[in-house]
Amino acid sequence: MIKIVLLGAGNVGIHLCRALQNKEDLQLIQWYNRSLNSLEKESVPFAVTQNLNDIIEADLYIISVSDSVIPSISKALEGKKGIIAHTAGSISMEVLGAHENHGIFYPLQTFSKQKEVDFNQIPLCLEANQQENLNLLKKVAQAIGGPVHLIDSAQRKALHVAAVFVNNFTNHLYTIGEELCNAHKVPFSVLQPLIAETADKIKHLPPSLAQTGPAARGDQKILEDHLQYLTKESHQKLYQLISASIQQQ
Ligand SMILES: NC(=O)c1ccc[n+]([C@@H]2O[C@H](COP(=O)([O-])OP(=O)(O)OC[C@H]3O[C@@H](n4cnc5c(N)ncnc54)[C@H](OP(=O)(O)O)[C@@H]3O)[C@@H](O)[C@H]2O)c1
């Protein structure tokens, strides 16, 4: 049985807490969070604490707090023999280097407390300072279901930057699309099949070959027409920048 302490009850912490429960070979034995209210809302059948001095002995400590706080939480775990791992995309494993056993347990997905996720579909990117530690992280990842990838810190950073482009930037563009629809009283839902097809198409074609639209066609007249149509300067700038990037490619 692998005994686990989870630190953090934010967007990722909440979902990890649910995923780590009721799994053969895993036992979540304690959950820490700075404020107690998130922990209490979940009503879990194991110890919860908001005091870092109360953290108990475990085989694995998963730190899932804001990136800037990882060093201080890591320091509070000094002397623990179990593996100390964090869940961040862009923080190197070295930040945990003071611990004899350390690693990374990075779930590559977008998490929000309000939206359920299926861990069977979430790639788990693992790294550890020793093979034995990596083996334990693999067992935990396999128990919660995600496809496992052995990814070093440099690769993880590349993945995280790529994820910002494909997820955060894309979502920002959805927001602009919604704003344009709202301004003209068209339901944003009319665009949903297009959004779904765009995401589906790149399962079959490389994204560079899947590109369509006025910029890819070199249709200067439509590009200028759209630029004149947009009223916000920030939207015009984005339109120009992304169109130029598509054309350069
Ligand atoms: N969200 C994602 O989509 C996603 C995906 C993959 C990986 N990650 C990574 O997972 C980690 C957690 O992200 P998240 O989205 O769950 O963050 P979040 O929702 O913003 O939650 C932040 C967590 O950090 C705690 N915290 C903040 N400041 C603290 C402090 N000074 N001392 C102690 N605890 C503190 C918060 O406690 P309180 O509840 O008391 O505020 C909360 O538990 C980050 O390393 C992030 O890069 C996030």
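You'll find the structure just up there.
Attention in this report is confined to the structure presented alongside it.

Calculation criteria
Every chain is numbered independently, its residues counted from 1 as its sequence is written. Under the rules for a predicted model, residues below a pLDDT of 70 receive no local features and side-chain atom pairs below 80 are neither given nor counted, while totals for whole chains, interfaces and linings still include all residues. Fitted lines through C-alpha atoms serve as axes, helices being fitted only where they are in contact, and the angles separating the N-to-C directions of these axes extend from 0 to 180 degrees. Secondary structure follows DSSP: runs of H or I at least 4 residues long count as helices, runs of E at least 2 residues long count as strands, and numbering of each begins at the N terminus. Roughly parallel here means an angle under 35 degrees, roughly antiparallel means over 145, roughly perpendicular means 65 to 115, and every remaining angle is called oblique. By convention the crossing between two helices is left-handed if the near helix lies anticlockwise of the far one by an angle smaller than a right angle, and right-handed if it lies clockwise. What counts as a contact is two residues whose backbone-derived C-beta atoms lie within 7 Å of each other. Three classes are used, and their members are as follows: Ala, Val, Leu, Ile, Met, Phe, Trp, Tyr, Cys and Pro are nonpolar, Asp, Glu, Lys and Arg are charged, and the others, Gly among them, are polar. Strand pairing follows a simple DSSP-based rule, namely that at least 2 bridges must link the two strands.

## Regarding the packing of helix H9 (residues 220-229) against helix H10 (residues 233-248)
Where H9 contacts H10, the axes come no closer than 9 Å and their chain directions differ by 160 degrees. One element, H9, and the other, H10, form an angle in the roughly antiparallel class. Considering the relative orientation of H9 and H10, their crossing is right-handed. Between H9 and H10, the contacting residues are Leu223, His226 and Leu227 on the first element and Gln236, Tyr239, Gln240 and Ser243 on the second. Within the contact of H9 with H10, the residues separate by chemical class into three nonpolar, four polar and no charged.

## Topic: the sheet that holds strand S3 (residues 47-49)
Judged by pairing direction, the sheet is mixed, and its eight strands sit side by side in the order S3-S2-S1-S4-S5-S6-S7-S8 without closing on themselves. The open sheet has two edge strands, S3 and strand S8 (148-150), and neither has a second partner. Shown here is a sheet whose adjacent strand axes are inclined to one another by a mean of 25 degrees, direction ignored. Sheet analysis places strand S1 (residues 2-7) next to strand S4 (residues 60-63), joined by four bridges and oriented parallel. Counted as the bridge partner of leucine 6 is isoleucine 62 from S4. Of the strands in this sheet, S1, strand S2 (26-32), S4 and strand S6 (102-107) are in contact with helix H1 (residues 11-20), which crosses S1 at around 160 degrees.

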